[in-house]
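# Fold and geometry: a report
Given next are the chains, with one letter for each unit.
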Amino acid sequence: RPSCSRMNGSRHAPISTEERKTGPEDTYKLRCTECGAKNRIPGSRLDASPKCGKCGALLKTEELFAPQPIMVTDANFDNQILKSPLPALLYAWAPWCPTCGSVTPIVDQFAAESKGKVRVGKLNVEANPVLASKYNIMSVPFLFIFDNGKLKESMPGGLQKHDMMIKMAPYI
């Protein structure tokens, strides 16, 4: 069991088209889940079924506004993190860890503020031993950055919200 959050695990309601608050001047970047190419999509074209400029596959624009943070499990890790059209920050935590209790609200706030730019996921290492073993998580909290299906960075401990954004900036 890894060394050293309480988290309620609640899910958020989906965001309606009106709540997206996108304007014609907004631009979003997301990867094609088929070929991995980065695509820029104007906010005014999100509902127009945009296609990848490289391979022509339909882009998963609904992923931009998915509720965050998402609860990541051994079963959904590949689809939620590795196949994410956005760069992903994965926060590994455990219910018995007091440090995680202070990091969790920071991760939640970062998730809310980075919606549409970064996918934020939470992994309970106690409930998901396969991923904890695969990524050799020996202590919590632990942060991972994934982009284009690959692990880019791993960091033990927690970060402040500003530092999380700085770490994610090269992948956005």
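A brief look at the structure comes next.

### As for the pairing of strand β1 (residues 27–31)
- Pairing between β1 and strand β2 (residues 38–42): five bridges, direction antiparallel. Note that in β2 the partner of R31 across the bridge is K38.
- Once β1 ends, the chain turns through six residues before running back antiparallel as β2, passing G36 with a positive phi of about 85°.

### A look at the side chain of T61
- Relative to the helices and strands, T61 is located in the loop between β2 and β3 (70–72).
- For T61, a relative accessible area of 10% puts it in the buried group.
- For T61, the side chain forms a polar contact with the main-chain oxygen of L46, separated by 3.3 Å.

### Remarks on the environment of L123
- By the secondary structure assignment, L123 is in strand β5 (residues 119–124).
- Between the C-alpha atom of L123 and that of P141, which follows or precedes it by 18 residues, the distance is 10.0 Å.
- For L123, the residues in contact, after removing those within four places along its chain, are V72, L90, Y91, A92, W93, N128, L131 and I137.

### A closer look at unusual backbone geometry
- The step from Q68 to P69 runs through a cis peptide bond, and the omega angle for that step is -10°.
- Mapping P69 onto the fold places it in the loop between β2 and β3.
- At the junction of V140 and P141, the peptide bond is cis and its omega measures out at 0° in the coordinates.
- Here P141 shows up in the loop between α3 (129–134) and β6 (142–147).
- Notably, S49 is not glycine yet its phi reads approximately 50°, a positive angle.
- Following the sequence through the fold, S49 ends up in the loop between β2 and β3.
- Its identity as a non-glycine residue notwithstanding, N136 has a phi of 50°, on the positive side.
- As for its placement among the helices and strands, N136 is situated in the loop between α3 and β6.

### Comments concerning the packing of helix α2 (residues 98–113) against helix α4 (residues 161–168)
- In contact at an axis separation of 9 Å, α2 and α4 are set at 50° when each is read in the N-to-C sense. What the angle tells us is that α2 and α4 run oblique. The hand of the α2/α4 crossing is right-handed. Across the interface between the two elements, I106, V107, Q109, F110 and E113 of α2 pack against K161, M164, M165 and M168 of α4.
- Looking at side-chain class alone, the contact of α2 with α4 contains six nonpolar, one polar and two charged residues.

### Things to note about empty space enclosed by the protein
- Approximately 30 Å³ is the volume found for the largest cavity.
- Forming the walls of the largest cavity are I81, L82, S84, L86, P87, A88, F146, D147, N148 and G149.
- Broken down by secondary-structure element, the contributors of at least two residues to the lining of the largest cavity are α1 (77–82) and β6.

What counts as what
Residues numbered from 1 in each chain as written. Predicted model: local features only at pLDDT ≥ 70, side-chain atom pairs only at ≥ 80, totals over all residues. Heavy atoms only, no water. Pairing = 2+ DSSP bridges. Helix = DSSP H or I, 4+ residues; strand = E, 2+ residues; numbered from the N terminus. Buried < 20%, exposed > 50% of the residue type's maximum accessible area, 1.4 Å probe, protein only. Polar contact = N/O pair within 3.5 Å; in protein donor to acceptor, adjacent residues only side chain to side chain. Contact = heavy atoms within 4.5 Å. Axes fitted to C-alpha atoms, helices over the stretch in contact; angles between N-to-C directions. Parallel < 35°, antiparallel > 145°, perpendicular 65-115°, else oblique. Left-handed = near helix turned anticlockwise from the far one by under 90°. Nonpolar A, V, L, I, M, F, W, Y, C, P; charged D, E, K, R; others polar. 1 Å grid on protein atoms, 1.4 Å probe; cavity = no way out; pocket = protein on both sides within 12 Å on 5 of 7 lines; lining within 4 Å. Points joined across faces, edges and corners; volume = space filled by probe spheres on them.

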